Amino acid sequence: MSMDAKMAWRNVWRNPRRTSLTIAAITFATGLLIFSFSFQFGSYDAMINAAIQVHTGHLQIQAKGYLEDKDMRQVVEHPEAVARILKNTSDVKDYACRANAFSLIASEDRTYGGLVIGIDPIREPRVSRIKTLIRKGAYLDKAHGAQAVVGQLLARNLKVGLGDELTLLGQGRDGSIAATVVTVKGLYATGQDEFDRSTIQIPLSFFQDTYAMRGAVHEVVILGRHLDQVNQIRHRLTPKLAQIENPKPLVALTWSEIMPGLIQAIKLDLTSGFIMYSLLVIVVAFSILNTFLMAVLERTREFGVMMAIGIRPNRLTKLLLYESTVLTLMGLGVGWILGVGVTYFFQQHGIDLAGSSEILAQYGISGRLYPRLSWASMTVGPALVLIITILAALYPALRVRRLSIVDSLAYA
Amino acid sequence: MAIVELTGVTKTYQQGKVSVQALRGVDLRVEKGSFLALAGPSGSGKTTLLNLIGGLDRPSQGDIRVDEHDFARMNQSELAELRLFKIGFVFQSYNLIPVLSALENVEFVMLLQRIGAAERRQRAEAVLAEVGLSGLLERRPLELSGGQQQRVAVARAIVSGPAIVLADEPTANLDSKTGQGLLEMMKTLNAQKGVTFIFSTHDNMVMDYARRLVLIRDGRVAEDQVKGS
């Protein structure tokens with residue numbers, strides 16, 4: 001061990017209580033940041049996956065402009081041509097076609113406006129979890145046309161149950177009135193209240209007949225193998241889609257484009273989290289600053305002696321920075337191990353958030369959340385602590401350069 | 001040959017709105033190999049004079065030359081270099097680095113001089129043996145008596161073969177027997193190695209040991225007495 005390193009190590013432990021407290025502060029901040037970032041990323045994953053698995057998929061192919069206008073006439077005219085492309089595109093795990101129509105949904109007692117979604121009962125379960133979220137009754141099957149699965153909250157509002165009839169009244173693709181009666185076959189609860197309050201699903205072929213779709217659909221929902229591959233899939237699909245004839249060009253939209261609100265909510269949460277974490281790190285920085293200012297003050301005479309015997313100010317600054325680095329690395333090391341260990345435990349077992357279940361339900365998350373360790377969550381917090389503590393230690397390390405030798409030697 | 005030359009040196013301190021004139025025009029010439037004591041009452045200016053000779057402070061007026069280096073022409077960095085290689089310091093309260101052992105304290109100066117580890121250790125051990133601390137190399141300052149600490153301080157001051165050693169009240173915190181032993185040791189080093197010693201003191205024993213006694217009073221040289229002449 002070099003003499004500088006030896007001095008740094010011994011100086012750090014000159015005041016064990018103060019050093020231990022400072023290390024504890026760094027440890028706490030580092031561990032907390034790793035856990036908090038992992039918790040946040042975990043909850044974002046849960047929110048995104050819930051949204052993806054219930055209605056958006058990873059990507060959707062739509063006619064250009066449909067996302068903004070939701071116009072019945074902006075269709076994917078030849079879904080079979082799109083299907084051929086998707087079958088030959090790597091990383092596309094599965095796909096399903098959907099058609100949507102805003103309609104009046106009436107029961108015997110009540111009428112509500114809502115979204116009628118035509119789905120393929122065979123393919124839909126491959127891209128959506130709704131089949132598994134049926135709370136009462138059964139999912140749709142292809143054999144029967146005039147049937148529907150209904151969001152549980154909408155069913156409650158309409159005061160309907162299994163076997164009751166609903167009248168759907170909307171506008172067909174050709175501008176005609178679309179009207180039909182369906183029987184409630186099942187009720188689903190996705191946990192996303194807005195979705196459960198405003199949607200019903202009917203078989204796609206029945207939808208196409210009712211709404212005069214002439215075989216067209218509005219969306220081809222795609223599920224990739226992994227969330228990270230979304231942009232690659234889009235990149236592969238875009239030139240192929242350009243070759244399909246359609247009244248309006250076909251575009252591949254990612255889940256984040258389909259749900260900009262979710263991304264904004266995540267960004268807002270991340271920003272507020274960052275402000276809170278910054279405050280925490282600043283408190284730790286003041287602790288470090290205090291430790292080193294005190295150390296410099298207590299050792300003023302010692303620095304005077306060292307300067308008298310010929311040490312250069314640069315070397316003195318280096319020695320002090322060594323000390324702060326030793327202190328910081330000890331805190332960071334212990335904090336990292338604790339933070340990763342605790343987070344890993346909860347990543348395996350989850351955290352029960354029953355008290356916040358209503359808020360979480362808005363994002364389709366169940367009452368248990370699983371933090372997710374990632375390179376970002378394991379490095380961003382510690383890096384933030386490292387930078388701030390080094391900056392905090394820099395001030396006293398530079399301040400020592402301004403000491404007068406004579407005054408320092410006379411310092412009592 | 002003069003190792004230290006001071007010409008018309010004054011030093012004025014500003015204490016708030018009050019100017020305190022610590023030195024009022026000092027002329028002093030110290031020959032190589034001297035064993036000189038700057039004596040005088042408290043506040044007479046002897047420590048200020050020692051600080052100026054050591055390049056720890058700058059004079060308000062006048063010229064200082066040490067080993068033919070003109071301080072007026074040197075910046076802080078050059079002065080630090082000069083102190084490192086040419087001047088050794090012994091302080092009243094020892095001022096060893098508390099986290100280093102006796103051996104490491106002595107080695108530290110040579111480390112700053114970029115001397116290799118093996119040579120550092122060999123020279124430090126040799127000089128600590130010279131001051132009678134062979135068996136206490138690994139002790140930290142707090143594990144040594146006052147006299148032993150001051151011996152380590154002397155070893156640190158002389159290890160790199162400086163042109164002069166400046167000692168500010170070196171016996172002030174020692175009992176008379178320990179102080180006498182220290183002075184004997186320094187006198188031997190002076191005699192055997194030709195190291196120039198300049199003390200500031202109001203200890204009569206130090207004055208007795210000194211071969212030249214310069215009395216400072218009210219910031220001026222009041223008396224300059226070479227013993228035996």
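From a predicted model like this one, the values you see are computed outputs, not experimental measurements. (Residues numbered from 1 in each chain as written. Chains lettered and ligands numbered in written order. Predicted model: local features only at pLDDT ≥ 70, side-chain atom pairs only at ≥ 80, totals over all residues. Heavy atoms only, no water.)

(A) Inspection of the overall build of chain B at higher detail. Looking only at helices and strands, chain B features 7 helices and 10 strands. Relative to the 2.2 N^0.38 estimate, which gives 17 Å for 229 residues, the radius of gyration of chain B is 17 Å and therefore close to what a compact globule would have. Projected onto its principal axes, the C-alpha coordinates of chain B cover approximately 45 × 40 × 40 Å. Scored against the burial criterion, the 229 residues of chain B give a buried share of 55%. Intrachain contacts of chain B at a sequence separation of at least 6 include 68% that bridge at least 24 residues. Both charge centroids of chain B, one from 27 positive and one from 26 negative side chains, sit 2 Å from each other. (Helix = DSSP H or I, 4+ residues; strand = E, 2+ residues; numbered from the N terminus. Rg over C-alpha atoms; globule rule 2.2 N^0.38 Å. Buried < 20%, exposed > 50% of the residue type's maximum accessible area, 1.4 Å probe, protein only. Contact = heavy atoms within 4.5 Å. Lys, Arg positive; Asp, Glu negative; His and termini not counted. Charge placed at Lys NZ, Arg CZ, Asp CG, Glu CD.)

(B) Up close: the pattern of salt bridges. All names here are of chain A. A complete count under the given rule lists 31 salt bridges over all chains for this structure. Residue Arg-299 is joined to Glu-302 by a salt bridge in which the shortest nitrogen-to-oxygen separation is 3.8 Å. According to the relative accessible area criterion, Arg-299 is buried, its value standing at 6%. Glu-302 gets classed as buried once you look at its relative accessible area, which sits at 9%. Each of the salt bridges in this network shares a partner with another, and the network as a whole consists of Arg-14, Arg-299, Glu-302 and Glu-323. (Salt bridge = Lys/Arg side-chain N within 4 Å of Asp/Glu carboxyl O.)

(C) Geometry of the packing of helix α12 (residues 300-308) of chain A against helix α13 (residues 313-349) of chain A. Residues and elements named next belong to chain A. One way to put it is that α12 packs onto α13 with a least axis distance of 10 Å and a crossing angle of 140°. By the criterion of interaxial angle, the relationship of α12 to α13 is oblique. When you trace α12 past α13, the crossing you get is right-handed. Contacts from Phe-303, Met-306 and Met-307 of α12 reach α13 at Leu-316, Leu-319 and Leu-320. (Axes fitted to C-alpha atoms, helices over the stretch in contact; angles between N-to-C directions. Parallel < 35°, antiparallel > 145°, perpendicular 65-115°, else oblique. Left-handed = near helix turned anticlockwise from the far one by under 90°.)

(D) Structural context of the packing of aromatic side chains. Residue and element names in this part refer to chain A. Applying the stated criterion across every chain, the model contains 14 aromatic pairs over all chains. Ring plane angle 85° and centroid distance 5.2 Å describe the contact between Phe-345 and Phe-346, whose orientation is recorded as edge-to-face. Overall, the relative accessible area of 44% leaves Phe-345 in the partly exposed class. Members of the aromatic cluster, each reached through a chain of ring pairs, are Phe-37, Phe-41, Tyr-44, Phe-274 and Tyr-277. For the cation-ring pair, Arg-123 lies above Tyr-95, with the distance from its terminal atom to the ring centre recorded as 4.0 Å. (Phe/Tyr/Trp six-rings, centres within 6.5 Å; stacked < 30°, edge-to-face > 60°. Lys NZ or Arg CZ within 6 Å of the ring centre and 35° of its normal.)

(E) Quick look at empty space enclosed by the protein. For the structure shown, the criterion picks out 2 cavities of 30 Å³ or more. In this model, the largest cavity occupies a volume close to 60 Å³. Taken together, Ile-309 of chain A together with Arg-83, Leu-84, Ile-87, Gly-88, Phe-89, Val-109, Arg-156, Ala-157, Ser-160 and Pro-162 of chain B make up the lining of the largest cavity. At the level of elements, α2 (76-86), β6 (87-90) and α5 (146-158) of chain B are the ones that each hand at least two residues to the lining of the largest cavity. Top element by residues in the lining of the largest cavity is β6 of chain B. It accounts for 3 residues. Of the voids in this model, the second largest cavity is the one considered here, and its volume is about 30 Å³. If you trace the second largest cavity, you find it lined by Met-7, Asn-11, Arg-299, Phe-303, Met-306, Leu-316, Leu-319, Leu-320 and Glu-323 of chain A. When residues in the lining of the second largest cavity are grouped by element, the largest group, 4 residues, is from α13 of chain A. Considering only residue class, the lining of the second largest cavity consists of 6 nonpolar, 1 polar and 2 charged. (1 Å grid on protein atoms, 1.4 Å probe; cavity = no way out; pocket = protein on both sides within 12 Å on 5 of 7 lines; lining within 4 Å. Points joined across faces, edges and corners; volume = space filled by probe spheres on them. Nonpolar A, V, L, I, M, F, W, Y, C, P; charged D, E, K, R; others polar.)

(F) Summary view of helix α4 (residues 79-87) of chain A. Within the span of α4 of chain A, buried status applies to Pro-79, Ala-81, Val-82, Ala-83, Ile-85 and Leu-86 of chain A. Buried residues along α4 of chain A sit against β1 (59-63), β2 (92-106), β9 (219-224), α9 (230-241) and β10 (250-254) of chain A.

(G) Quick look at a nonpolar patch on the surface. Residue and element names in this part refer to chain A. A contiguous nonpolar patch, built from Ile-275, Leu-279, Ile-282 and Phe-286 and spanning about 410 Å² of accessible area, is present on the exposed surface. Tracing the sequence through the fold places Ile-282 in helix α11 (residues 260-298). Note on Ile-282: relative accessible area 40%, which makes it partly exposed. (Patch = residues over 30% accessible without salt bridge, like charges linked within 9 Å, V, L, I, M, F, W, Y side chains within 5 Å. Areas by Shrake-Rupley, 256 points an atom, 1.4 Å probe, with all protein chains shown as cover.)

(H) Quick look at the interface of chain A and chain B. Taken together, the 21 residues of chain A in the interface contact 25 residues of chain B. Sorting the residues of chain A by area buried against chain B places Met-3, Arg-10 and Ile-309 of chain A first, and these three jointly supply 31% of that buried surface. Linking chain A with chain B are 3 salt bridges, by the criterion used here. Residues Glu-81 of chain B and Arg-312 of chain A are paired through a salt bridge, measuring 2.4 Å at the closest nitrogen-oxygen approach. Run the count over chain A and chain B and you get 7 residue pairs in polar contact (both at pLDDT 80 or more). Residue composition of the side of chain A that touches chain B, by class: 11 nonpolar, 2 polar and 8 charged. (Buried area = accessible area lost by both parts, 1.4 Å probe. Polar contact = N/O pair within 3.5 Å; in protein donor to acceptor, adjacent residues only side chain to side chain.)

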